[in-house]
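Now for the letters of each chain:
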Amino acid sequence: MKLILLGAPGAGKGTVAKLLAEMDGSVQISTGDILRGAVTAGTELGKQIESLMKSGDLVPDELIMDIMEQRLQEPDCEKGFLLDGFPRTIPQAEALKGLLAKLGIELDMAVNLEVAREVILDRLTTRRTCSNSDCQAIYNVKSNPSRQAGICDKCGSPVIQRDDETAEAISHRLQTYVEKTAPLIGFYEKEGLLLTVDAAGPSETVLAAIGAKLAAA
Ligand code: ADP
Ligand code: ZN
């Protein structure tokens, strides 16, 4: 499948993308994971974006498009991909449309994961992420803790709270979402690609709604 996952920070894009990827071998592409990996590795790109990311600001569109133009041409994308955290602005969505046309790739749909703000705030403050940049497994101290506190089940690395998950950075990220990313819902509706799913409940409900829509297509 070739999907875009839309939704506020904490809506569950990463969790849903990982589950969908397991179902049919499509690859999850998370721009947030790629960018955090660059920061941890201390690459030139990483140094350039570190402070932007820490404060919850977006990375410039041109940088993201350079990364994604290369990423979408890697062989593992042939089976399908789940775009998690990209596109995030109207210019990125326009550029993606041009890029996909150039590469001859057709999207199945853009799934909007809808969750109330209170739920988002609660999820983000209780979210924990594996510090190993090759893993980045997601946990939640309330609803999905690691088996051993502070240790990743998958790779044994420390599980931490992300730098941009302080109360201040969270509220900034939510504001950025409303201003820059929420307009993509209208964009994909016009494209005839939008599926809105209630994502307040368990991820199984979300997967079922996506599966039903794909089957009906
Ligand atoms: P979340 O969806 O939980 O906010 P992500 O892991 O998707 O987190 O993104 C973390 C940060 O990475 C963002 O706050 C932003 O700084 C940067 N980022 C990720 N994807 C993009 C993108 N497509 N465009 C610009 N910045 C991005
Ligand atoms: Zn891990």
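Shown above is the structure to which this text applies.
Keep in mind that what you see is a predicted model, and the values were worked out from it rather than measured.

1. Thoughts on the environment of Ile-185
Inference 1: Tracing the sequence through the fold places Ile-185 in helix 8 (residues 183-190).
Inference 2: Note: C-alpha distance between Ile-185 and Ile-120 (65 residues apart in sequence) is 18 Å.
Inference 3: Setting aside residues no more than four positions away along its own chain, Ile-185 makes contact with Leu-6, Asn-112, Tyr-177 and Leu-194.

2. Focus: the nonpolar core
Inference 1: If you look at the biggest cluster of nonpolar residues, it comprises 29 residues, and the most contacted ones within it are Ile-4, Ile-29, Leu-72, Phe-81, Leu-83, Leu-96 and Tyr-188.
Inference 2: If you list the elements that add at least two residues to this core, you get strand 1 (2-6), strand 2 (27-30), helix 3 (44-55), helix 4 (61-71), strand 3 (81-84), helix 5 (90-103) and helix 8.
Inference 3: Ranked by residue count, the leading element in this core is helix 4, at five residues.
Inference 4: Among all residues touching Ile-4, those that are not within four sequence positions of it are Leu-83, Phe-86, Pro-87, Leu-96, Leu-107, Met-109, Ala-110, Val-111 and Tyr-188.
Inference 5: Within the second largest apolar cluster, 25 residues are counted, among which are Leu-3, Val-111, Ile-170 and Ala-199.

3. Quick look at the side chain of Arg-162
Inference 1: For Arg-162, the location among the structural elements is in the loop between strand 7 (159-160) and helix 7 (167-181).
Inference 2: If near-sequence neighbours (up to four positions away) are discounted, Arg-162 is found in contact with Arg-36, Arg-127, Thr-129 and Arg-173.

4. Remarks on the site of ligand 1
Inference 1: In the vicinity of ligand 1 there are 19 residues, among which Thr-31, Asp-57, Gln-92, Arg-127 and Arg-173 approach most closely.
Inference 2: Thr-31 has a polar side-chain atom sitting 2.7 Å from a nitrogen atom of ligand 1.
Inference 3: One nitrogen or oxygen atom from the main chain of Val-59 is found 3.0 Å from a nitrogen atom belonging to ligand 1.
Inference 4: If you tally residues by element for the shell around ligand 1, the top one is helix 2 (residues 31-41), at four residues.
Inference 5: Classifying every residue of the shell around ligand 1 gives seven nonpolar, four polar and eight charged.

The rules behind these values
- Residues numbered from 1 in each chain as written.
- Chains lettered and ligands numbered in written order.
- Predicted model: local features only at pLDDT ≥ 70, side-chain atom pairs only at ≥ 80, totals over all residues.
- Heavy atoms only, no water.
- Helix = DSSP H or I, 4+ residues; strand = E, 2+ residues; numbered from the N terminus.
- Contact = heavy atoms within 4.5 Å.
- Core = buried A, V, L, I, M, F, W, Y, C linked by side-chain atoms within 4.5 Å.
- Buried < 20%, exposed > 50% of the residue type's maximum accessible area, 1.4 Å probe, protein only.
- Near = heavy atom within 4 Å.
- Polar contact = N/O pair within 3.5 Å; in protein donor to acceptor, adjacent residues only side chain to side chain.
- Nonpolar A, V, L, I, M, F, W, Y, C, P; charged D, E, K, R; others polar.

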